[in-house]
Amino acid sequence: MLNRSDLQATIATIGAVVESARDFDAYAAAGVHLLPGLVASEMTTLSVCDLASGRREVVACPAGRLGAADRACFDRFFFEHPLVRYHAFVRGPGAHRISDSIPFARFRHGALYNEYYRRIGIDHALALPLHVDDRTLVSFVLNRHRRDFSERDRVVLDLARTTLAALYRRFRLPGREGAPPTSLAAQLTARERQVIRWLCAGKTDRDIGAIVGCSHRTVHKHLQRIYEKLGVETRTAAVVRWLGSNADRGSSPPM
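Note that this is a predicted model, so its numbers are computed, not measured.

Cut-offs used in this document
Residues numbered from 1 in each chain as written. Predicted model: local features only at pLDDT ≥ 70, side-chain atom pairs only at ≥ 80, totals over all residues. Heavy atoms only, no water. Phe/Tyr/Trp six-rings, centres within 6.5 Å; stacked < 30°, edge-to-face > 60°. Helix = DSSP H or I, 4+ residues; strand = E, 2+ residues; numbered from the N terminus. Buried < 20%, exposed > 50% of the residue type's maximum accessible area, 1.4 Å probe, protein only. Lys NZ or Arg CZ within 6 Å of the ring centre and 35° of its normal. Salt bridge = Lys/Arg side-chain N within 4 Å of Asp/Glu carboxyl O. Polar contact = N/O pair within 3.5 Å; in protein donor to acceptor, adjacent residues only side chain to side chain. Contact = heavy atoms within 4.5 Å.

Quick look at the packing of aromatic side chains
To describe a pair of aromatic rings, one takes the distance between the centres and the angle between the planes.
Moving on, step 1. Within this structure, the stated rule accounts for 11 aromatic pairs.
Moving on, step 2. Centre to centre, the rings of Tyr27 and Phe171 are 6.1 Å apart; their planes meet at 45 degrees, and the pair counts as tilted. Taken together, the positions of Tyr27 in helix α2 (residues 24-34) and Phe171 in helix α8 (residues 151-172) put the pair 144 residues apart, joining distant regions of the chain.
Moving on, step 3. Residue classification places Tyr27 among the buried positions, given a relative accessible area of 0%.
Moving on, step 4. According to the relative accessible area criterion, Phe171 is partly exposed, its value standing at 21%.
Moving on, step 5. For the pair Phe78 and Phe79, a centre-to-centre distance of 4.9 Å together with 75 degrees between the ring planes defines the contact as edge-to-face.
Moving on, step 6. When the ring centre of Phe74 is taken as reference, the NZ or CZ atom of Arg56 above it lies at 3.7 Å.
Moving on, step 7. We note Arg172 situated over the ring of Phe24; from NZ or CZ to the ring centre the distance is 3.6 Å.

Right, here's the structure in full:
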């Protein structure tokens, strides 16, 4: 179960990526630089896998961590890679660790580990899928030496997935990203927009009530209407939906 600090860190990371994502290149750079602040990673990539050719293109942080020989080595094992197989062919949902598919004690004796992962100094990987169809698998992939990723790491990335995937579709799959960003803001009243903005800033119902000048019970009623309009059921889902819509880009919570 995530604690409050985990939820706040996830919301802050989503907001920072949304704010930085002016185009696809900025989105990719923001993702690989900011996600390690949420889930520790020694190398983070945005990986675009061509399922027809069995080749992968990556944006990596640190830049230059993967050379041409490293990329070619990965491609030799493309179709047997546990993360590619799980997300592209099994169509498994959500963040997935290599160790979810194969125990590390067995994985470390295989050719993929010894010829690719050992040479780049990585033991464990966790992939967050953003888009998959018959030709392409796109994921943020976090990598570590020695320490595997935890259940907490997997859950916080899954919480961020909806927004990160929506941003990818906006830049790479025009027309398939859902409703236009402005439509979401238009559904809410001015007071409801105040409430959701302060909610995104991590404020409690009582905090918001004191700021906007109403009781915490009234704030709760506003939130219930906001949930209904956004099609969600929880505070966290409302924040993720609002930030992912990009409806508030460049705005600060109003006083």
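The rest of the description comes next.
Let's talk about the pattern of salt bridges
Moving on, step 1. Counted by the stated rule, this structure contains 14 salt bridges.
Moving on, step 2. With its nearest N and O atoms 3.4 Å apart, the salt bridge here joins Glu151 to Arg97. Residue Glu151 is located in helix α8, and its partner Arg97 is located in strand β3 (residues 96-97); the two are separated by 54 residues in the primary sequence.
Moving on, step 3. Exposure remark for Arg97: the relative accessible area of 11% places this residue in the buried category.
Moving on, step 4. Sharing partners across several salt bridges, the network here consists of Arg97, Asp100, Glu151, Arg154 and Asp158.

Let's talk about the side chain of His87
Moving on, step 1. Assignment of secondary structure puts His87 in helix α4 (residues 82-89).
Moving on, step 2. Here His87 falls in the buried class, since its relative accessible area comes to 2%.
Moving on, step 3. At 2.7 Å, the side chain of His87 and the backbone oxygen of Gly94 are in polar contact.
Moving on, step 4. His87 has contacts with Gly92, Gly94, His96, Ala127, Pro129, Val132 and Leu137, leaving out every residue within four places of it along the chain.

Some points on the side chain of Ser47
Moving on, step 1. Position of Ser47 among the secondary structure elements: in strand β1 (residues 43-50).
Moving on, step 2. Within the structure, the side chain of Ser47 is placed 2.9 Å from the side chain of Thr45, a separation counted as a polar contact.
Moving on, step 3. Once you skip the residues sitting within four places of it in the chain, Ser47 turns out to touch Arg56, Glu57, Val58, Leu137, Val138, Ser139 and Val141.

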